[in-house]
Amino acid sequence: MSVYVNEKTGIDTKETAGSESAPFQTPAFAAFTQPEAKIFVYKQLEESEEFGYAEISASALKKAKKGAEGLKKKLEKQAKADEEAKSKQEEAAKKFAELDLIKIEEDLSLPKAEKIKLRSTTEKVDQRVLVQGWVHRFRLQKGLAFITLRDGTGFLQCVLSGDLAKCRSTVELTLESTVAIKGVINKLPEGKTAPGGVELKADYYEVLGFAPAGDDSITNKVQENADPSLLLDQRHLTLRGETLSAVLKVRSALVDSFRKVFAEHHMMEVTPPCMVQTQVEGGSTLFKMDYYGEEAYLTQSSQLYLETCVPAFGDVFCVQESFRAEKSHTRRHLSEYTHIEAELGFLDFEEFLTHIETVITKTVKYVLEDPVAGPLVKQLNPGFTAPSLPFLRMKYVDALDWLNEHGIPNEDGEKFKFGDDIAEAAERKMTDEINKPILLTRFPVEIKSFYMKKDKEDPRVTESVDVLMPNVGEVTGGSMRIDDLAELEAAIKREGLDAEAYYWFTDLRKYGTFQHGGYGLGTERILAWLCDRFTVRDCSLYPRFTGRCKP
Ligand code: 4AD
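Scoring rules and cut-offs
Residues numbered from 1 in each chain as written. Predicted model: local features only at pLDDT ≥ 70, side-chain atom pairs only at ≥ 80, totals over all residues. Heavy atoms only, no water. UniProt positions renumbered as here; feature names shortened; annotations may be inferred. Near = heavy atom within 4 Å. Polar contact = N/O pair within 3.5 Å; in protein donor to acceptor, adjacent residues only side chain to side chain. Areas by Shrake-Rupley, 256 points an atom, 1.4 Å probe, with all protein chains shown as cover. Pairing = 2+ DSSP bridges. Helix = DSSP H or I, 4+ residues; strand = E, 2+ residues; numbered from the N terminus. Axes fitted to C-alpha atoms, helices over the stretch in contact; angles between N-to-C directions. Buried < 20%, exposed > 50% of the residue type's maximum accessible area, 1.4 Å probe, protein only. Salt bridge = Lys/Arg side-chain N within 4 Å of Asp/Glu carboxyl O. Patch = residues over 30% accessible without salt bridge, like charges linked within 9 Å, V, L, I, M, F, W, Y side chains within 5 Å. Phe/Tyr/Trp six-rings, centres within 6.5 Å; stacked < 30°, edge-to-face > 60°. Contact = heavy atoms within 4.5 Å. Core = buried A, V, L, I, M, F, W, Y, C linked by side-chain atoms within 4.5 Å.

- The protein chain is annotated in an unreviewed UniProt entry as asparagine--tRNA ligase of [Candida] railenensis.
- In UniProt, the protein chain has this text filed under Catalytic activity (unreviewed entry): "tRNA(Asn) + L-asparagine + ATP = L-asparaginyl-tRNA(Asn) + AMP + diphosphate + H(+)".

Focus: the site of the ligand
Step number 1: In the vicinity of the ligand lie 23 residues, with Glu-281, Gln-303, Glu-341, Glu-474 and Val-475 positioned nearest.
Step number 2: Between the ligand and the protein, one listed contact pairs a nitrogen atom with a side-chain N or O atom of Ser-301 at 2.9 Å.
Step number 3: Notes on the ligand: free accessible area 620 Å², of which the protein chains cover 94%.

Here we look at the sheet that holds strand β1 (residues 2-5)
Step number 1: Strand order across the open sheet formed by 3 strands is β1-β2-β3, with mixed pairing between neighbours. Both outer strands of the open sheet, β1 and β3 (51-55), are each paired with one neighbouring strand and no more. Direction aside, neighbouring strands of the sheet carry axes that sit 30° apart on average.
Step number 2: With 4 bridges joining them, β1 and strand β2 (residues 38-44) adopt parallel strand pairing. Its bridge partner being in β2, Ser-2 is matched across the sheet by Lys-38.

Here we look at unusual backbone geometry
Step number 1: Of note, the amide linkage connecting Leu-389 to Pro-390 takes the cis form, showing an omega dihedral of -10°.
Step number 2: With a phi close to 70°, Asp-126 is a non-glycine residue in the positive phi region.
Step number 3: Using a relative accessible area of 60% as the deciding quantity, one classes Asp-126 as exposed.
Step number 4: Notably, Phe-346 is not glycine yet its phi reads approximately 55°, a positive angle.
Step number 5: In this structure, Phe-346 sits in the loop between β15 (336-345) and α10 (349-369).

A closer look at the pattern of salt bridges
Step number 1: Taken as a whole, this structure holds 29 salt bridges when the rule is applied.
Step number 2: Residues Arg-128 and Glu-106 are paired through a salt bridge, measuring 3.1 Å at the closest nitrogen-oxygen approach. Taken together, the positions of Arg-128 in strand β5 (residues 128-141) and Glu-106 in the loop between α2 (58-101) and β4 (114-115) put the pair 22 residues apart, joining distant regions of the chain.
Step number 3: On the basis of relative accessibility, which here comes to 8%, the residue Arg-128 falls in the buried class.
Step number 4: The partly exposed category is assigned to Glu-106, whose relative accessible area is 24%.
Step number 5: Ionic pairing is found between Arg-481 and Glu-343, a salt bridge with its closest N-O pair at 2.8 Å. On the criterion of sequence distance, the pair formed by Arg-481 in the loop between β19 (473-480) and α14 (485-494) and Glu-343 in strand β15 is long-range, its members being 138 residues apart.
Step number 6: Note on Glu-343: relative accessible area 1%, which makes it buried.
Step number 7: A single network of salt bridges, built from pairs that share partners, joins Glu-106, Arg-128, Lys-182 and Asp-203.

As for a nonpolar patch on the surface
Step number 1: A contiguous nonpolar surface patch, about 390 Å² in accessible area, is contributed by Met-275, Tyr-291 and Tyr-292.
Step number 2: Within the fold, Tyr-292 resides in the loop between β12 (287-291) and β13 (294-298).

Looking at the pairing of strand β8 (residues 178-187)
Successive residues of a regular strand alternate their side chains across the two faces of the sheet.
Step number 1: Taken together, the 7 bridges between β5 and β8 define a ladder with antiparallel strand orientation. Paired with Arg-128 across the two strands is Val-184, which belongs to β8.
Step number 2: As paired elements, β8 and strand β9 (residues 198-209) share 10 bridges and run antiparallel to each other. Bridge pairing links Gly-183 to Ala-202 in β9.

Focus on the packing of aromatic side chains
Step number 1: Tallying each qualifying case throughout the model produces 20 aromatic pairs.
Step number 2: Measuring from ring centre to ring centre gives 4.8 Å for Tyr-291 and Tyr-292, while their planes differ by 75°; the resulting arrangement is edge-to-face.
Step number 3: You can call Tyr-292 exposed: its relative accessible area is 74%.
Step number 4: Taking the centre distance of 5.8 Å and the plane angle of 85° together, the rings of Tyr-396 and Phe-418 count as edge-to-face. Linking Tyr-396 in helix α12 (residues 396-405) with Phe-418 in the loop between α12 and α13 (424-434), this pair joins segments that are 22 residues apart in sequence.
Step number 5: On the accessibility criterion, Tyr-396 (0% relative accessible area) is buried.
Step number 6: Phe-418 gets classed as partly exposed once you look at its relative accessible area, which sits at 29%.
Step number 7: By the ring-pair criterion, three or more aromatic residues cluster together here, those being Tyr-305, Phe-450, Tyr-451, Tyr-502, Trp-504 and Phe-505.

What about the environment of Lys-124?
Step number 1: Summarising the element assignment, Lys-124 is placed in the loop between β4 and β5.
Step number 2: The sequence separation of Lys-124 and Lys-14 amounts to 110 residues, and the corresponding C-alpha distance is 68 Å.
Step number 3: Each residue touching Lys-124, except ones within four places of it in the same chain, is listed here: Glu-114, Ile-116, Val-129 and Ile-185.

So, the nonpolar core
Step number 1: Counting residues in each nonpolar core, the largest one holds 45 residues, and the members touching the most others are Val-250, Phe-262, Phe-352, Tyr-519 and Leu-530.
Step number 2: Contributions of two or more residues to this core are made by α8 (242-264), β15, α10, α11 (373-380), β18 (464-469), β19, β20 (516-522) and α16 (523-531).
Step number 3: Per element, the largest residue contribution to this core is 9 residues, and it comes from α10.

As structure tokens, then:
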């Protein structure tokens, strides 16, 4: 008996005949399927140009037999694994068939369950309630199923027993599945712990939507120590995690508290546009866009618009996105951030500084007093101490002395001299060392924005301020504004800006000029300080920075 092998055209399958016209691909397969047959291999025939079948050489035959042995073992192993998988499947099907017989039905004689959110579980002790949410944690133990339910407003431990713990949906339950559970809320006995000190003893439950198991399961998609970029791709899922959601809950309370403090100061909220045709903080960070054929930008700051609001509404503020095409990849720069800005009329620089430190101090106080955010700040930043008034006031020139005395060099590695920018690293070293809020004031004209008012006593510097916080550095920037028309026009010219585009801004100095000042707070930076986050990226819902504009 003969069997044929052609390494180019042959196919190693059970269906292949192994004939001259339907050869196998490898001698090993041929030896495996037809061990008694003589093997012929398609090759260049000896002493000839021709190709054809010739009997396999002794050495190749030895190799083929060895290969056949390996194949046999491999196939035996595969068959065993298939058998095991099949019996497992049958077993599971049998088990599920049994589980399917367990029917979960609500006992309609029980008192009506009141639908509640998890924020109010502790107020509903001994009552029958309906709770709905996502399976945050889950374990099966000694015939009981423990679900930690999450609905965004809180967590609740739910205990399923009897058939509820045994039924198919419980056995197949996955993290992040949605469920509706009915039962009575009980106070936990001494020594046991669960969120709120209560747990729900379930008498009925339904799965509303199963989340995937296996490769697509939440624990596979969102792994704690995964690369930050992979986690950002899954931001819609990572948001559900305890830490990120806690920071964003504090963020909500922070913005609310700012609004509350501004209201106490009789300041009105306005909503300036995001699409603009004037720059505020220099051309290098402008996001340009085509606006029906005209050049426009995404706003860098709403300041100029806020200034125009003061004569109409008095002191004003806004909570608005600002956009910066930052080239710097630092942990405190975003391309889009939530800018809380305020503008105040008829006050001097000292009053202005007092206002800023008061607003920040009161806001932090309200956040810490908030029943949701307060405990979260404690949890995220156990060492946080609320700032107290007054903040340390430090002039730019004194900061240079401080930096030089402490051996902290400027960006060129040299001693600081008047006119140098205090870059992020140096600023942070100083702030961390001093370790309390600083109002850093009176920066030189040439390193600050065109609209800033000069100090009367030292016209080399401006009536400007940066608020610096430990671990983050600058969280707020502001200044008094030039209120003299000619001086502002000269500044606009000096900056190389198109004076005409600013007519509405300069008009303010024409139609009843007034002493005024304002500031902008970086929400994400304040949050990084408050919640002890390494980067502002962890303080934004869907952070935008160089190379990241999704999801
Ligand atoms: O110091 P800045 O550039 O000041 C202004 O825009 C003024 N026009 C504000 C005003 O007076 N109304 O920005 C103010 C604050 C900074 O202190 C910082 O907290 C934040 O905005 N900020 C950023 N936050 C995140 N990413 C960026 N790229 C930021 N740029 C500024």
